[in-house]
Amino acid sequence: MSGYLRIKTPEGITFSFQLAGPLVRCLAWIVDFFTIMIISQGVGILARIAGIVSEDLAVAVATLGYFTVSIGYGIITEWAWRGQTLGKRLVGLRVVDVQGLRLQFHQIVLRNLLRFVDMIPAFYLVGGLACYFNRRAQRLGDLAANTIVVYNAQHHEPDLDQLLAGKFNSLRQFPHLEARLRQRVSAAEARLALQALVRRDELEPESRIKLFAELAAHFRAAVVFPPEAVESVPDEQYIRNVVDILFRTRGPEAKPEREPAGAAG
Amino acid sequence: MIIDLPRFIETERPTWTELEKLLDKIDADFSRKMTLEEVQRFHLLYQKVSADLGRVATFAAEPDLKRYLESLTARAYGEIHETRSRGTKFRPGYWFVNDFPRAFRRQSGAFALVVIITFVAVIFGAFATALDEDAKAAILPAQFSHLLGDPAKRVAEEESAKSDRLQGEKATFASKLMANNIQVSIRALGLGVTFGIGTIINLFANMVSLGMLAVDYVRAGQTMFLLGWLMPHGVIEIPAILIASQGGLLLGKALIGRGDRAPLEARLRSIGPDLMMLIYGVAGMLVWAGIVESFLSQYHEPVIRYWQKITFGSFELVALVWFLWFKRIADPEEEKGIS
């Protein structure tokens, strides 16, 4: 179960976080659990060193060390890594404020301390159920601390080279048909064609050929260009030409004057 | 509306890159303070990127670009609209002696309720034991079953002990007490998430045992032993549990929200720093209580006189009352940058 939390800024802009469900959070917790075990082994080594002085001191160091690590691990890592533990980093999650504001130290402390309640009676049963049924996928600690766990979106500038590249467009030799194409193609169809181009590398080869064949057939039927303009033009190139026409009012070298009728909707 | 997407990207890309770099700088060093010019520039960039996101969102043709701008806007939004101090300086001593008592005093209403519940529980435990001897077994948790026997017999055994039963184990015992009591306190606070009901039940169950023990030992004529045994650590440990419960009730009150028109998120947000300080102070108190219980409370006459232990406990109690209620605490306005 995962959804989105949408936040509307005072400027009227909306952005969203993809919420992490209990299963993916459980994966992160398993990683963290083993990390805590490993750190505790390190504490055990320190305790053995303390054992040179006194066996009593060694047990005390081990007891307090394990207790401190089990509580402090989440607090320290989430504060240092802005809402991420090692497990969350590996799984690609992040703790954020429920209103999208900067995560505060007290929020991190509270959500980590309240694990003791979420873990009741065992294996995070209370927390897991709360997370499953809460519309923001919050366990009780998140609820009290005003935090949510989201997928850590690492978005970079998209590669739009395929749109920026200026290849010869045979369809532009027929301006009246260009205009007719803009007139007949709806905004949804234009977006579909653009998306197909942008995501083409994500498709399997067979699916890619099939998709562009269907799209090309659709756009070829919408406006029939003379054979000399479309002959020997592969389906994918045909769609590229169509998108070029729909999203650029003139040729690549010209400045746009107005929005395409269909695509701007 | 965007007419030409590539042109739009080419035109606006420098703005996005500049904002991204600025956010990376803030992420890398969150104690960094921006100059007025930087703040103004940051705000301008945020507004420009927000506007770009608005344009891309209406266009809806390029999801990657939309997600990228959303991610930039979300990061900048968190920085621009956050009005709370980040509180980056790590000053545990300052927090303990100033922020902890400040939080305690600010939320003293919840503490008063905790004290009332404690009195009711202690009286209930005392009456139950006085009226029915079998109630002891029902009231006392299993881990304290060794206290079910005759108090006079136990006192006789303790006072005639020839050897130190904690010899070579004091630090171990103290550490186990600290870890266990801090865990119990965290649970007392955390149970506040059940609208405070869990905290009240937890507190009541603990304090009923105290009432039972008090009546049992007083009735057996072992009042001095009881005070000498419990006071050195109990005057710190018991208030610590009460303060943790204070935090639990505070959390429950915020969740219920009766008499408070603020939305749930705002209510929880307003008590968060106090909850943290309360549990932090409680942890500090329980570290001290663990040391005292292990190194002093477990020793009885003739090793140490009861009046000495009671006097020590009394001093601790007076000091605690002064610390929590009367000690002068630094004005937060004078101490910028402390959460």
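Residues numbered from 1 in each chain as written. Chains lettered and ligands numbered in written order. Predicted model: local features only at pLDDT ≥ 70, side-chain atom pairs only at ≥ 80, totals over all residues. Heavy atoms only, no water.

Moving on to the overall build of chain B. Along chain B, the regular secondary structure elements total 12 helices and 0 strands. Counting from the amino terminus, helix and strand elements in chain B follow one another as α-α-α-α-α-α-α-α-α-α-α-α. Here chain B has a C-alpha radius of gyration of 28 Å; the compact-globule value for 339 residues is 20 Å, and the former is much larger. Projected onto its principal axes, the C-alpha coordinates of chain B cover approximately 95 × 35 × 35 Å. Long-range pairs, those at least 24 residues apart, make up 80% of the contacts in chain B between residues at least 6 apart in sequence. Here chain B displays about 16,200 Å² of accessible surface, and carbon together with sulfur accounts for 63% of that area. The distance from the centre of the 38 positive side-chain charges to the centre of the 38 negative ones in chain B is 2 Å. (Helix = DSSP H or I, 4+ residues; strand = E, 2+ residues; numbered from the N terminus. Rg over C-alpha atoms; globule rule 2.2 N^0.38 Å. Contact = heavy atoms within 4.5 Å. Areas by Shrake-Rupley, 256 points an atom, 1.4 Å probe, with all protein chains shown as cover. Lys, Arg positive; Asp, Glu negative; His and termini not counted. Charge placed at Lys NZ, Arg CZ, Asp CG, Glu CD.)

It is worth spelling out the overall build of chain A at this point. Regarding its fold elements, chain A presents 13 helices and 4 strands. Out of the 265 residues belonging to chain A, those deemed buried represent 52%. Of the contacts made within chain A by residues no fewer than 6 positions apart, 63% connect residues no fewer than 24 positions apart. If you sum the accessible surface of chain A, you get close to 13,200 Å²; carbon and sulfur atoms cover 61% of it. (Buried < 20%, exposed > 50% of the residue type's maximum accessible area, 1.4 Å probe, protein only.)

Turning to the nonpolar core, a few remarks are in order. Residues and elements named next belong to chain B. Counting residues in hydrophobic clusters, the biggest one holds 85 residues, and the most contacted among them are Y217, I243 and L251. It is helix α10 (residues 223–256) that contributes the most residues to this core, 16 residues altogether. Residues in contact with I243, not counting those within four places in the same chain, are F100, F104, F111, L278, V282, M285 and L324. (Core = buried A, V, L, I, M, F, W, Y, C linked by side-chain atoms within 4.5 Å.)

Another point: the environment of V126(A). Residue and element names in this part refer to chain A. With respect to the element layout, V126 can be found in helix α6 (residues 125–133). Owing to a relative accessible area of 28%, V126 belongs among the partly exposed residues under this scheme. Those residues within four positions of V126 in sequence are excluded, and the remaining contacts are V117, D118, I120, P121 and L140.

Here the focus is the packing of helix α1 (residues 22–50) of chain A against helix α2 (residues 55–80) of chain A. Helix packing for two helices is described by the angle between their axes and how far apart those axes are. Residues and elements named next belong to chain A. Running from N to C, α1 and α2 point in directions that differ by 155 degrees, and their axes come no closer than 8 Å. Of the possible angle classes, the one that applies to α1 and α2 is roughly antiparallel. Pair α1 / α2 crosses with right-handed handedness. Between α1, through D32, T35, I36, M37, I39, S40, V43, A47 and A50, and α2, the contact on the second element is made entirely by L57, A58, V61, A62, G65, Y66, V69, S70 and Y73. Each residue belonging to the contact of α1 with α2 can be placed in one class, and the counts come to 13 nonpolar, 4 polar and 1 charged. (Axes fitted to C-alpha atoms, helices over the stretch in contact; angles between N-to-C directions. Parallel < 35°, antiparallel > 145°, perpendicular 65-115°, else oblique. Left-handed = near helix turned anticlockwise from the far one by under 90°. Nonpolar A, V, L, I, M, F, W, Y, C, P; charged D, E, K, R; others polar.)

Turning our attention to helix α13 (residues 235–247) of chain A. Along its 13 residues, α13(A) runs 18 Å from first to last C-alpha, staying within 8% of the 18 Å computed at 1.5 Å per residue. In terms of burial, α13(A) is largely enclosed, as 12 of its 13 residues are buried. (Expected span 1.5 Å × (residues − 1).)

Let us look at the confidence of the model for chain B. Overall, the prediction assigns chain B a mean pLDDT of 88, with 92% of residues at 70 or greater. The complex model carries a pTM of 0.78, and its ipTM stands at 0.85. (pLDDT = per-residue confidence, 0-100.)

Bringing the side chain of R139(A) into the picture now. By the element assignment, R139(A) lies in the loop between α6 and α7 (140–145). Residues in contact with R139(A), not counting those within four places in the same chain, are R25(A), R111(A), N112(A), L114(A), R115(A), D118(A), G127(A), A130(A) and C131(A).

All chains considered together, the criterion is met by 22 aromatic pairs over all chains. Considering the side-chain rings of F33(A) and F34(A), the 5.5 Å spacing of their centres and the 80 degrees angle between planes classify their relative orientation as edge-to-face. One aromatic cluster in this structure is built from W79(A), F105(A), W95(B), F96(B), F100(B), Y280(B) and F323(B). A cation over an aromatic ring shows up here: R91(B) above the ring of Y94(B), its NZ or CZ 4.7 Å from the ring centre. (Phe/Tyr/Trp six-rings, centres within 6.5 Å; stacked < 30°, edge-to-face > 60°. Lys NZ or Arg CZ within 6 Å of the ring centre and 35° of its normal.)

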